[in-house]
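Close look at the chain arrangement
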Amino acid sequence: MSSLQLLPIAGGLLCHAVFKRFEPNHPSLLFVAFIVAPVALTISNSFAMNAPLTILSVASFWAVYISTILLSISTYRLSPFHPLAQYPGPVICKLTKLWPAYISWTGKQHLYYDSLHRTYGDVVRIGPNELSIRKSSAISPLLGQNELPKGPMWDGRLAEGGIIRSMIGVRDVSEHSRRRRPWSRAFSISALKHYEAMIVRRAYQLKSRLEEQKGTIDLSAWMGYFAYDFMSDMAFGGGSEMMRDGDEGGFWHLLDDVVPFLTVLGHLPWLTKMVTYVPVGAAGRQRFRALAIGCAKKRISEGSMSKDIFYYLNNEDGHDAAPRSFAEVLSDGGLAIIAGSDTTATTLTSIFGMLLSNPDAHKRLLDEIDAHFPVGEDIMNPAVHARMPYLNAVINEALRMFPPVPTNVQRANPQDAPARVTGSVVIPAGTSVITPPYALHRDPQNFSEPEVFIPERWLDPELQEKLGFSSKGMPSFIHDSNAFIPFSYGPSNCAGKALAYQEMRMVLCLLVRSFDMKLVSSVTEWVDSLEDYFLLSKKPLMVEVSPRAESVG
Ligand code: HEM
């Protein structure tokens, strides 16, 4: 074999050796590796060998070089020498992230990973350097106090382009915990008390808007309008009136158009920097940003009308010696709206979908509400809601079946860290790991009859007995609440968990008490149409709404 043939092979092997355990994520590096290096090698070789330099010689050198890289990478990834060789999974996933990226584009990644776990067991290799773990015992070691940092998915999803990354995607653990501090103050028990009036105002607005509707409505859209208006109040002191005006500018559409694309980028972070120059989904993001900037500036100039999330993010409580930059406050305010509105709206919609297709559960909830709020009692009293077992069971059961973040609770063991061991699972350096809530919640090892809506599973045994649940003939009913992670787990879990419960309890009590509802569209079709683009994307749920005859709220 001549040196002209050996050189591209040696060059390809060297290139793979350099990029072996990580993927280059800057376009210039890729350009150097795949274009500049082989062309430079061809030219210098032809000078050294005094061989003619033709287009054909450059092209064939390049073809051998690239083929060597691909072959070498594939062989290594499938070989017993790969650090994740012991874990089962589909060959295509072991070879490339392009396949999971494609699956995520279809919106069905939650179902795909669930099916992989059913086929391969609790630990599955879902990428060349990525594991999915469906074991409740692994949650605390990976996400708890000694958590692994957030995973590379965030490098893909949050293209910086001069914009400060919002807290959810901050991968450095100490920087993340610095950014998290004002959030913890914003969701303390005393802070939550201040938000009650804001929820009450928006919930009653929703009630009266629904009373004005004639015939069939899309409940999913109305839950979205409510949640978005409320979170805008919380994040920037207002600025959204979707319940009044509808989604006039097609704002949800703009955002919906971009989410599949962002989900794909989450799998291929190295592609992100290249596509920041391509204006895919830019309209939606720019419009959202412009809106947020306008609201934030207005909120700052007008000062604090109430203690909302912005009050803490902008250090208006004077807690931090060094105030945060406007860009950081803006970015995290935007995060509050995105993270807080779609998630609660989807859960409220799924709760109504399940209640309306399970009349017994609906009746039990209504009975509980009527019993706790006789005529004259304030139906929006959160202290009472917290003590309503069936209300909370219904919410948890909907979160179990339809976790709004179904898949991507991702962490990663850094490149230079020692291997992380949890039980029999070893997570080598440079390995990403997901603990997918959907697969955990639908695993019969964690929850018996996982596909069935059974709020009673969340009640204590005494109450179950009272409701006749334990006589259902399921003596060994499994209920592992450690496997229930709709809000993730640990120091980087959902910052807004307490607010979300408070908001959902209030809205549910008010609407269930106030309206008779009837499903017009099929709930099975609604469930089948759900798509996982990091957030579960909610589809129209058509219902007929009429004021409840015996409503006293
Ligand atoms: C049903 C409602 C909700 C669900 C199921 C939910 C779920 C989640 C999940 C799974 C995460 C990812 C955590 C991780 O990476 O481990 C998250 C993050 C977050 N959520 Fe929620 N969320 C909900 C509502 C809210 C609300 C109302 C807010 C209010 C602002 C909020 C604010 C946040 C924030 C700020 C983060 C980033 C946390 C961090 O990185 O430290 N969420 N949420």
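Since we're looking at a predicted model, the values are computed, not measured.

Here is what the cut-offs are and how they apply
- Every chain is numbered on its own, with residues counted from 1 as its sequence reads.
- Totals for whole chains, interfaces and linings use all residues, but because this is a predicted model, local features are given only for residues with pLDDT of at least 70 and pairs of side-chain atoms are given and counted only at 80 or more.
- Excluding hydrogens and water, the side-chain figures rest on all heavy atoms present in the structure.
- In this text, helices come from DSSP runs of H or I with a minimum length of four residues, and strands from runs of E with a minimum of two, each type numbered from the N-terminal end.
- All radius of gyration figures rest on C-alpha atoms, and the globule criterion is 2.2 Å times the number of residues raised to 0.38.
- Exposure classes here rest on a 1.4 Å probe applied to the protein chains alone. A residue is buried below 20% of its type maximum, exposed above 50%, and partly exposed in between.
- Pairs of residues are marked as contacts when any of their non-hydrogen atoms sit within 4.5 Å.
- Using the Shrake-Rupley algorithm and a 1.4 Å probe, accessible areas are obtained, with residue cover drawn only from the displayed protein chains.
- Working convention for charge: Lys and Arg count positive, Asp and Glu count negative, and His plus the chain ends are omitted.
- Charge positions are represented by NZ for Lys, CZ for Arg, CG for Asp and CD for Glu.
- For Na, K and Ca the donor cutoff is 3.2 Å, while for all other metals N, O and S atoms count as donors only within 2.8 Å; water does not appear among the atoms, so some sites may look incomplete.
- For a helix, the expected span equals 1.5 Å multiplied by the number of residues minus one.
- To get the bend at any residue, fit one axis to the seven residues that end at it and another to the seven that begin at it, then take the angle between the two axes.
- Residue proximity to a molecule or strand is established when one non-hydrogen atom of the residue lies within 4 Å of it.
- The definition of a polar contact used here is a pair of N or O atoms within 3.5 Å, where within protein one atom must be able to donate a hydrogen and the other to accept one, and adjacent residues in sequence count solely through side-chain atom pairs.
- Ten residue types, Ala, Val, Leu, Ile, Met, Phe, Trp, Tyr, Cys and Pro, are classed as nonpolar, four, Asp, Glu, Lys and Arg, as charged, and the remainder, Gly among them, as polar.
- Working definition: a ring pair exists when centres of Phe, Tyr or Trp rings (six-membered ring for Trp) sit within 6.5 Å. Plane angles under 30 degrees give stacked, over 60 give edge-to-face, the rest tilted.
- UniProt positions are given in the numbering used here, feature names are shortened, and annotations may be inferred rather than shown by experiment.
- Two strands make a pair as long as DSSP finds a minimum of two bridges between them.
- Throughout, an axis means a line fitted to C-alpha atoms (over the contacting stretch in the case of helices), and angles, computed between N-to-C directions, take values from 0 to 180 degrees.
- Put simply, a patch holds well-exposed residues, over 30% relative accessible area, that have no salt bridge, with like charges counted together within 9 Å and Val, Leu, Ile, Met, Phe, Trp or Tyr side chains within 5 Å.
- Any Lys or Arg side-chain nitrogen located within 4 Å of an Asp or Glu carboxyl oxygen qualifies as a salt bridge.
- Summary of the metric used: pLDDT quantifies the predictor's per-residue confidence within the range 0 to 100.
- Put simply, buried Ala, Val, Leu, Ile, Met, Phe, Trp, Tyr and Cys residues joined by side-chain atoms within 4.5 Å make one nonpolar core.

1. A short note on the overall build of the chain
From N to C terminus, the chain includes 24 helices and 11 strands. Here the C-alpha radius of gyration of the chain, 26 Å, is about what a compact globule of 553 residues would show, namely 24 Å. Based on the C-alpha atoms only, the size of the chain along its principal axes is roughly 95 × 60 × 45 Å. Across the 553 residues that make up the chain, the buried fraction comes to 53%. Nonlocal contacts in the chain, meaning residues at least 24 apart in sequence, comprise 74% of its contacts between residues at least 6 apart. With the model as given, the accessible surface of the chain reaches about 23,900 Å², and the carbon-plus-sulfur share is 61%. Positive and negative charge centroids in the chain, built from 52 and 53 side chains respectively, lie 5 Å apart.

2. Digging into the coordination of the iron atom of the ligand
Only one protein atom coordinates the iron atom of the ligand: Cys494 (SG), located 2.3 Å from the metal. Residue position: Cys494 is located in the loop between helix H22 (461-466) and helix H23 (497-514).

3. Re helix H9 (residues 173-186)
Between the first and last C-alpha of H9 there are 20 Å, a value that for 14 residues agrees with the 20 Å anticipated at 1.5 Å per step. In H9, a bend of some 35 degrees at Arg180 exceeds every other bend along the element, and Pro182, a proline, comes one to four places later. All of the buried residues along H9 are His176, Arg179, Arg180, Pro182, Trp183, Arg185 and Ala186. Contact partners of the buried residues in H9: helix H10 (189-212), helix H16 (309-313) and helix H17 (326-357).

4. Points about the site of the ligand
Not every one of the 31 residues close to the ligand is listed here, only the nearest: Lys150, Arg180, Arg411, Ser488 and Cys494. One of the side-chain nitrogen or oxygen atoms of Arg180 is found 2.7 Å away from an oxygen atom of the ligand. Those elements giving two or more residues to the shell around the ligand turn out to be H9, H17 and H23. Per element, the largest residue contribution to the shell around the ligand is 7 residues, and it comes from H17. Taken together, the residues of the shell around the ligand break down into 19 nonpolar, 9 polar and 3 charged.

5. Some words on the packing of aromatic side chains
The final tally for this structure, using the stated rule, is 14 aromatic pairs. Judged by centre distance (5.8 Å) and plane angle (55 degrees), the ring pair of Tyr112 and Tyr113 falls under tilted. Accessibility assignment for this pair places Tyr112 and Tyr113 in one class, buried. Between Trp154 and Phe534, the aromatic rings sit 5.3 Å apart at their centres with planes inclined by 80 degrees, giving edge-to-face as the arrangement. Taken as a pair, Trp154 in helix H8 (residues 153-157) and Phe534 in the loop between strand S9 (531-533) and strand S10 (535-537) lie far apart in primary sequence, 380 residues in all. Taken individually, Trp154 and Phe534 each receive the classification buried, so the pair is uniform in this respect.

6. Topic: the UniProt feature "transmembrane region" (unreviewed entry) in the chain
According to UniProt, the positions carrying the feature "transmembrane region" (unreviewed entry) are residues 30-48 and 55-76. Within the segment residues 30-48, helix and strand shares are 100% and 0% respectively, and the terminal C-alpha atoms sit 26 Å apart. Between the C-alpha atoms that bound residues 55-76 there is a distance of 31 Å. The span itself is 100% helix and 0% strand.

7. Some points on the sheet that holds strand S7 (residues 432-434)
Spatial ordering of the open sheet is given by S1-S2-S7-S4, a layout of 4 strands whose pairing is mixed. The outermost strands of the open sheet, each flanked by one partner alone, are strand S1 (123-127) and strand S4 (410-412). Mean inter-strand twist for the sheet, computed between neighbouring axes without regard to direction, equals 30 degrees. Sheet topology places strand S2 (residues 130-133) next to S7; 3 bridges connect them, and they run parallel. Looking at the pairing, Ser132 lines up with Ile434 of S7.

8. Description of a nonpolar patch on the surface
On the surface, a cluster of nonpolar side chains totalling about 430 Å² of accessible area is made up of Phe31, Val32, Ile35, Val36 and Trp62. Top element by residues in the nonpolar patch is helix H2 (residues 27-49). It accounts for 4 residues.

9. Examining the environment of Met504
Looking at the element boundaries, Met504 is found in helix H23. Classification of Met504 as buried rests on a relative accessible area of 2%. In the structure, Met504 is positioned 112 residues away from Asn392 in sequence and 9.5 Å away in space, judged by C-alpha atoms.

10. Describing the pattern of salt bridges
What the rule picks out here adds up to 34 salt bridges. In this structure, a network of salt bridges that share partners links the residues Glu175, Arg178, Arg179, Arg324, Glu328 and Asp332.

11. With respect to the confidence of the model for the chain
The pLDDT averaged across the chain works out to 89; a share of 92% of its residues lies at or above 70. In the model output, the complex is listed with pTM 0.93 alongside ipTM 0.99.

12. Structural notes on the nonpolar core
Tyr195 and Ile309 are the most contacted members of the largest nonpolar core, which totals 110 residues. In this structure, Tyr195 is in contact with Ala186, Phe187, Met234, Lys307, Asp308, Ile309, Tyr312 and Leu499, ignoring residues within four places of it in sequence. Core analysis: the second largest hydrophobic core is formed by 8 residues, Cys93, Tyr113, Leu116 and Ile126 among them.

13. Quick word on the pairing of S2
Regular strands place side chains that alternate from one sheet face to the opposite one. Residues of S2 alternate between two faces, with Glu130 and Ser132 on one and Leu131 and Ile133 on the opposite face, all of them buried. The pairing of S1 with S2 spans 4 bridges and is classified as antiparallel. In the strand pairing of S2, Val124 is matched with Ser132.

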